[in-house]
Amino acid sequence: MGSIVPITISGCSDFAFSNGTEGEGDTIEIMVENRTDERATIGVRVEDDDGETLFSRVYELEPGHLDSAAGIETTPSTVTAFTPEGAAATWEYAPDLDIDCEGEDIGITLRSDNSIESWYAC
């Protein structure tokens, strides 16, 4: 059974999820969260330095839910997240954590104001 541990990353309070799989090596998890009051569709694309797609998926999430069931083995270059309602964000994968870990996980949060927030966790 997993546990939820609140942590603060880059001045933002988010959650790190532990499901007993510590020591997975270099797998970078993709964590997508819906912090709205309605069901949300969130598309995610992760690319490498050459623009090749490493990961692409559309999430259907209930209000207040997070999906962390997917991951990649290769260090990405850019991450893009978007919704059918027009929210979109693209950023470089550049985690700056004070925590020493291999392969910082990618966090994506859809907020109730229809903005997309990126964050990282171990």
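All of the points below concern the structure found in this document. (Residues numbered from 1 in each chain as written. Predicted model: local features only at pLDDT ≥ 70, side-chain atom pairs only at ≥ 80, totals over all residues. Heavy atoms only, no water.)

Scanning the chain for helices and strands turns up zero helices and 10 strands. Secondary structure elements of the chain occur, N-terminal to C-terminal, as β-β-β-β-β-β-β-β-β-β. When burial is assessed residue by residue, the chain has 39% of its 122 residues classed as buried. Counting every atom, the chain has about 6,900 Å² of accessible surface; 45% of that belongs to carbon and sulfur. (Helix = DSSP H or I, 4+ residues; strand = E, 2+ residues; numbered from the N terminus. Buried < 20%, exposed > 50% of the residue type's maximum accessible area, 1.4 Å probe, protein only. Areas by Shrake-Rupley, 256 points an atom, 1.4 Å probe, with all protein chains shown as cover.)

Further remarks concern the pattern of salt bridges. Under the definition given, this model contains six salt bridges. In this structure, R35 and E33 form a salt bridge, with 2.9 Å as the shortest nitrogen-oxygen distance. The exposure class assigned to E33 is buried, which follows from its relative accessible area of 8%. We note a salt bridge from R111 to E117, for which the minimum N-O separation is 2.2 Å. Ionic contacts of the salt-bridge type, sharing partners, join the residues R39, E60 and E62 into one network. (Salt bridge = Lys/Arg side-chain N within 4 Å of Asp/Glu carboxyl O.)

A separate point is the sheet that holds strand 5 (residues 53–61). Read across the sheet, four strands follow the order 5-4-7-8 without closing on themselves; strand pairing throughout is antiparallel. Taken across any chain shown, the strands that pair with only one partner, and hence form the sheet edges, are strand 5 and strand 8 (88–92). Going across the sheet, the axis of each strand differs from the next one's by a mean of 10°, ignoring polarity. When strand 4 (residues 40–47) meets strand 5, the two strands line up antiparallel, connected through eight bridges. Among the inter-strand pairings, T41 is bridged to a residue of strand 5, identified as E60. (Pairing = 2+ DSSP bridges. Axes fitted to C-alpha atoms, helices over the stretch in contact; angles between N-to-C directions.)

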